[in-house]
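# Structural overview
So the chains spell out like this:
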Amino acid sequence: MGDMAELQEREQKLQGMGTSLLRKEDAKFIRGQGSYVDDIKLPGMLFGALVRSPYAHARIKGIDKSKALACPGVVAVLTADDLKPVNLHWMPTLGGDVQAVLADKKVCFQMQEVAMVLATDRYTAADGAALVEVDYEELPAIVDPKHSMDKDAVVIREDIADKTEVGHGPRTHPNHIFTWEAGDKAAADAAFAGAAVTVREEILNPRVHPCPLETCGCVASFNKATGHLTVYMTTQAPHLVRTVLAMLSGVAESKIRVVGGDIGGGFGNKVPVYPGYVVAIVASIVTGVPVKWIESRMENIGTTGFARDYHGVGELAADADGRIKALRFTALADHGAFNSHVSATKLPAGLFSICTGSYAIPNAYCRVDAVYTNKAPGGVAYRCSLRVTEAVYLIERMIDVLALKLGIDKAEIRRRNFVKAEQFPYTTSLGWTLDSGAYHPALDKVLKAVDYEGLRREQAALRADPKATTLMGIGLATFTEIVGAGPTKVCDILGIGLFDSCEIRVHPTGGVIARLGTMTQGQGHATTYAQIIATELGLPASDIVVEEGDTDKAPYGAGTWGSRSTPVSGAATAQAARKIKDKARQIAAHLLEVAEADLEWEIDRFKVKGNPEQAKTMKEICMVAHTSNIPAGMEQGLNAVSYYDPPNMTFPFGAYLCVVDVDRYTGETKVRRFYALDDCGTRINPMVIEGQIHGGLTEAFAVAFGQQIPFDDNGNHLGNSLMDYYLPTSMETPHWETDHTVTPCPHHPIGAKGVAESPHVGGIPCFSNAVIDAFAHLGVTHMDMPHTAFRVWQQCHALGLDR
Ligand code: MCN
Ligand code: CUN
């Protein structure tokens, strides 16, 4: 017993994987000691403010800078013409397109960047921006993507009107970006032709915005004497940004340093390279002094990476007992005026092809047409795993529609179609190999926890009661995610493979510093990567420092998005630690004068098998590694780096259930219960996971019940302030109940899958399914998000429920 207690104590000291270690980074955040980009103040720094277009589509006939330049404190006004000599008026996007840095002859969306005013302080810069006079000639705007490819549609992108493709295959219209197809159309069509039942529904994912608390910004500092460029910026992918900046500016990549610093939420908004960054950099190169540019809230919501705007039609074919035979999906994707939608070269529709979900669907076909409109560019970002939200929304909505048509219970129809445990690894009809899963036990655990049968009985009783003032809806979502981009043979951005990295240095006294290619924005990386190393190396997490975001220090990696940090850098971390452990074992064998094979690892030390008194702790080995007492020919030190190229994506999954009460007179909805079971394989830090689930569910709640960016017919943005755009507070946010199962990832060194986006991806259809389920007995099969009280009331009213 004494031994057990001692082992436990040693294990506990490490605070390794599986423990809910409090977040190491929070000590500074809760004391207000974080350092965000706007906290950076450099001597002689100028401030940039952007002049933006009031029109969604217009020609620029002239720009008069004189009044702005006359304003005391204004130093310069930059326009596209000023960027032309350095060839920086256009830039490549992460989606294979080009984007105007400052509008060149015309503007293509409201609030597009037209000029930057540089001044000695932020207020003067804003005053100067208001004084720049731009002569516009308004053009008709295309707002509805359904009209983008009309015969007589106005050409939005005159700069590429003649181009037959922009990065992703042939174009059929000047406003067309690409067509992407997956699956076997003929086989899917044949399955539909012979099916007992088919269902079809228009499925819209409205335009939304992640709206992180900190807006985007940067401080660019070019040193004319050394030729070095340092950019402090809000970025989720500092290394990719550095590469883009090198391509753009011609400055050697070794002389560019991108520093991420602390980031107040990214949620995908901070992956792209925005015009404001580039103009600030040019401004610093030209003036030789640092230049700061920080967005306002309205600029953030109005111009930076939005999400979704997917206008789809889903269809399922099934036999009479609800076994799905085929899936078809076509969508029109509104990418705005430039294709700045972050996507791997070979995956223009992201990972949409995960849309077969958790189900064994033998035939599937999808087609997405992406088009330009006169709206801000973007399309993919918002806790989404790259179009997985749209994919999961499609399948989880459609399976409910099918259940309704067949009169089969919504849990039962899922159970009938799940990929079975013994079928893994399972290759879907759209080509992904789901590595592992245990869908039936997950769903059953949830149904039992909430007493699903009891809830359905309560719902039936309520429906039978003519005096009932509320409608009760029960929503389910049993989703499969795809995260961890990704295998470099499938995924690259601008030609760079999406591997990631970790470098570990162990110091003589056992302290460790680890540097990674990823970039935390609030996910808790300083804590969780330390826990992986703690378990792997037997050194306490408290002494392990994690650093990310400074490209001069960290090894190359593609950054933090698509929940890829754990699947890719988490694996690199374990691999680097294992290289160190291998060397430590050699040293231990040398010290103990035994063969390596005679050693066994126990928590924090190597012991001689059968002679447990003989042992060397990792701490002891750390010191010895820096002396002459190491095996002949070995080099000193305990350092390693790993660049990890994952063999496959990881496929976390979950089973969510939501109970919603709808007031039939007002359309108000109240989430009575939300039960979320997630399976992300091996769990590194249960508390951090719980935090991620809470955050992701809250964002799913926001999307399902209130968020949308509307435009009028002229392309005027109707909701880019927090007066209009819905951000739920603790008052509106429901209580979350969380649960888990653990199905380790077979190809990941520690068996972990990503988790951060699951709650968003799985949460949205669960809420929608709950709201629509409340009306299911009245023949309603679908309602579009967001389910605001007004919209839900309209449904009640149409059904005569409010009388
Ligand atoms: N984790 C764990 N065990 C696992 C999986 C994950 O303990 N099996 C922990 C990780 O160690 C990490 C966190 O959970 O601390 C999230 O890990 P992961 O799922 O790998 O996702 P990333 O770290 O790559 O985060 C990216 C993801 C994305 S794409 C968006 S969008 C989003 C999200 O993270 N943006 C966020 N969550 C966010 N949370 C905060 N606070 N701020 C954001 O901007
Ligand atoms: Cu899609 S939002 Mo996250 O991948 O940065």
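About the cut-offs
- Residues numbered from 1 in each chain as written.
- Chains lettered and ligands numbered in written order.
- Predicted model: local features only at pLDDT ≥ 70, side-chain atom pairs only at ≥ 80, totals over all residues.
- Heavy atoms only, no water.
- Helix = DSSP H or I, 4+ residues; strand = E, 2+ residues; numbered from the N terminus.
- Polar contact = N/O pair within 3.5 Å; in protein donor to acceptor, adjacent residues only side chain to side chain.
- Contact = heavy atoms within 4.5 Å.
- Axes fitted to C-alpha atoms, helices over the stretch in contact; angles between N-to-C directions.
- Parallel < 35°, antiparallel > 145°, perpendicular 65-115°, else oblique.
- Left-handed = near helix turned anticlockwise from the far one by under 90°.
- Nonpolar A, V, L, I, M, F, W, Y, C, P; charged D, E, K, R; others polar.
- Pairing = 2+ DSSP bridges.
- Domains from an automatic or database assignment.
- Buried area = accessible area lost by both parts, 1.4 Å probe.

### A short note on the side chain of Asp604
- For Asp604, the position within the fold is in the loop between β27 (599-602) and β28 (605-608).
- A distance of 3.0 Å separates the side chain of Asp604 from the side chain of Arg10, its partner in a polar contact.
- Among residues more than four places away in sequence, those in contact with Asp604 are Arg10, Gly538, Thr617 and Met618.

### Side note on the packing of helix α17 (residues 686-705) against helix α18 (residues 758-773)
- The interhelical angle for the contact between α17 and α18, taken along N-to-C directions, is 45°, at an axis separation of 8 Å. Between α17 and α18, the crossing angle belongs to the class labelled oblique. At the point where α17 passes α18, the crossing takes the right-handed sense. Taken together, the residues of α18 that come into contact with α17 (itself represented by Gln692, Ile693, Gly696, Leu697, Glu699, Ala700, Phe701, Val703, Ala704 and Phe705) are Pro759, His760, Gly763, Ile764, Phe767 and Val771.
- When the residues that make up the contact of α17 with α18 are grouped by side-chain class, the tally is eleven nonpolar, four polar and one charged.

### Quick notes on the sheet that holds strand β30 (residues 638-644)
- In spatial order, the strands read β26-β25-β24-β30; together these four strands make up an open sheet with mixed pairing. Each having just a single partner strand, β26 (544-548) and β30 make up the two edges of the open sheet. Along the sheet, successive strands turn relative to each other by an average axial angle of 15°, direction set aside.
- For strand β25 (residues 512-516) and β26, the ladder comprises five bridges, and the chain directions are parallel. Looking across to β26, one finds that Ala514 is bridged to Val546.
- Sitting on the sheet, helix α15 (residues 565-592) touches β24 (500-506), β25 and β30, and the angle it makes with β30 is about 145°.

### Here's the deal with the domain arrangement of the chain
- Each assigned domain of the chain is listed with its residue range as follows: domain 1 (2-34 + 500-644), domain 2 (37-139 + 215-263 + 270-303) and domain 3 (306-431 + 438-485 + 648-798).
- Taking only C-alpha atoms, the centre of domain 1 and the centre of domain 3 are 38 Å apart.
- The interface of domain 1 with domain 3 comprises 28 residues on the first partner and 23 residues on the second.
- Here domain 1 and domain 3 share an interface that buries about 1800 Å² over both sides, 65% of which is from carbon and sulfur atoms.
- The three residues of domain 1 that bury the most area against domain 3 are Ser563, Thr566 and Pro567, which together make up 25% of that side's buried surface.
- Applying the counting criterion to the domain 1 and domain 3 interface returns ten residue pairs in polar contact (both at pLDDT 80 or more).
- Elements with a contribution of two residues or more to the side of domain 1 that touches domain 3: α14 (525-537) and α15.
- It is α15 that provides the largest number of residues to the side of domain 1 that touches domain 3, a total of eight residues.
- In terms of residue class, the side of domain 1 that touches domain 3 is made up of ten nonpolar, 14 polar and four charged.

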